[in-house]
Amino acid sequence: MPRKPKIAPLEAPGPALPPLPPDDVAQAVAAVLRPAIHLLLRSGIDYPRLAAELKTLFIEEAAAEIQRAGHATTDSAISLLSGVHRKDVRQWRESGRPPGAARPVALSARVFARWITDADYGGEQGGPRALPRAGPAPSFEALVRSVTQDVHPFTVLQELIRLRVASVEIQDGGEIVVPGADFVPPAGSREALELLAANLADHASAAVSNVLGAPPTLEQSVFAAGITPASAERLQALARQLWLRMRGEMIEEASRLYEADQDSPQARTRVRFGSYFWSGPWEPAPPAPPEVPPGDPEP
């Protein structure tokens, strides 16, 4: 019985890399996938459904890898690199999903970004402040009009209320729009899933890019273990404070650069800057047995 040819990684243009141990790579990816599998099982998605999605992803990424290496993306080449049968590759080529187009930034997110960065609408602590619903600036109506003239401010307000990003209160006989603490869609919503996909995909892209020897990009974290739950809560509060400070400065500079770059034909680059915090159980490793000098009996 003929043996299947061994699959070797392609060499894309760029600096030569030391060989990556396949077993170590597989274990690292498995650790990344574990939370995703938890989400899949909680959502009623089993292994066969995931395998069908993975088959298409393997084909698409294999084709992209072959193209980056400067080779022809034939069905045989894609099948050999991905491990997917040629029949499935041919079916994908005939009726495969087109690459996803870039999604525009939601209007609600753009309005919230202006709310937290524009000095006319911000509070003393640098975050958004409550605004009259209508009237001249600073009001919620004027805030929306400063971002778009195509959508009525009431429609944007309804969307922010649906996402629990803002609420309306009656103060002194008038309607006041009160902002939420952050732009965090409710659990289980489509918007929350879209943020999960966008944030984790770009975070993984940064980490993989560093492993594969591309120009270094920011992908760092601070790790602490052996602390109490109360200490973890204090660190989470500090992390939120630091994020709010960085977020405002980053959005302000990004908005300024966008206004300056939007008419340039080279304005074809996107960036994502994020922060995360997670705490969970931790068990210290058992102490190593004492070393026994050669010739001494075992204790």
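Throughout, a residue's number is its position along its own chain's written sequence, starting from 1. Given that this is a predicted model, residues contribute local features only at a pLDDT of at least 70 and side-chain atom pairs are listed and counted only at 80 or more, while totals for whole chains, interfaces and linings are drawn from all residues. Hydrogens are left out, water is left out, and the side-chain values use all remaining heavy atoms of the structure.

Chemist: Talk me through the sheet that holds strand β1 (residues 131-132); I want residue IDs and the actual numbers.
Modeler: By the convention used here, strands pair only if DSSP detects at least 2 bridges between them. Only DSSP runs of H or I covering at least 4 residues are called helices, and only runs of E covering at least 2 are called strands; the numbering of each starts at the N terminus. Ordered by their spatial adjacency, three strands build an open sheet running β1-β3-β2, and the pairing between neighbours is antiparallel. The two strands at the open ends of the sheet, each matched to only one other strand, are β1 and β2 (166-171). Where β1 meets strand β3 (residues 174-179), two bridges bridge the pair, whose relative direction is antiparallel. Within β3, the position partnered with Leu-131 by the bridge is Val-177. The criterion used for residue contact is that any of the two residues' heavy atoms lie within 4.5 Å. Only the contacting stretch of a helix is used when fitting its axis, a line to C-alpha atoms as for every element, and angles between N-to-C directions run 0 to 180 degrees. Across the face of the sheet, helix α7 (residues 153-162) comes into contact with β2 and β3 while running at roughly 110 degrees to β2.

Chemist: Can you lay out the packing of helix α2 (residues 47-68) against helix α4 (residues 86-95) for me, pointing to particular residues and giving the numbers?
Modeler: Where α2 meets α4, the closest approach of the two axes is 11 Å, and the angle between their N-to-C directions is 80 degrees. As judged from the angle between their axes, α2 and α4 are roughly perpendicular. Contacts between α2 and α4 involve Lys-55, Thr-56, Ile-59, Glu-60 and Ala-63 on the former and, on the latter, Asp-88, Val-89 and Trp-92. Within the contact of α2 with α4, the residues separate by chemical class into four nonpolar, one polar and three charged. The scheme is simple: roughly parallel for angles under 35 degrees, roughly antiparallel for over 145, roughly perpendicular for 65 to 115, oblique for anything else. Only Asp, Glu, Lys and Arg are considered charged, only Ala, Val, Leu, Ile, Met, Phe, Trp, Tyr, Cys and Pro nonpolar, and every remaining residue, Gly among them, polar.

Chemist: So what's going on with the confidence of the model for the protein? Residues and values would help.
Modeler: When the pLDDT values of the protein are averaged, the result is 84; 86% of them are 70 or greater. How sure the predictor is of each residue is captured by pLDDT, a score from 0 to 100. Highest mean pLDDT in the protein belongs to helix α3 (residues 75-82) (93); lowest belongs to helix α5 (residues 107-117) (83).

Chemist: Please set out helix α1 (residues 22-42) residue by residue, giving values where relevant.
Modeler: Over its 21 residues, α1 extends 30 Å from the first C-alpha to the last, a length consistent with the 30 Å expected when each residue adds 1.5 Å. Values of bend correspond, residue by residue, to the angle between axes fitted over the seven residues ending at that residue and the seven starting there. Its maximal kink placed at Leu-33, α1 deviates by approximately 35 degrees, while the proline Pro-35 follows within four residues. Gly-44, located one to two residues past α1, shows a positive phi value of around 80 degrees. Take the residue count of a helix, subtract one, and multiply by 1.5 Å to get its expected span.

Chemist: Residue-level account of the pattern of salt bridges, with values.
Modeler: Each salt bridge in this description consists of a side-chain nitrogen of Lys or Arg and a carboxyl oxygen of Asp or Glu lying within 4 Å of one another. Per the counting criterion, the structure on display carries ten salt bridges. A salt bridge links Asp-88 to Lys-55, with the shortest nitrogen-to-oxygen separation between them at 3.4 Å. On the criterion of sequence distance, the pair formed by Asp-88 in helix α4 and Lys-55 in helix α2 is long-range, its members being 33 residues apart. Within this structure, Lys-55, Lys-87 and Asp-88 form a network of salt bridges that share partners.

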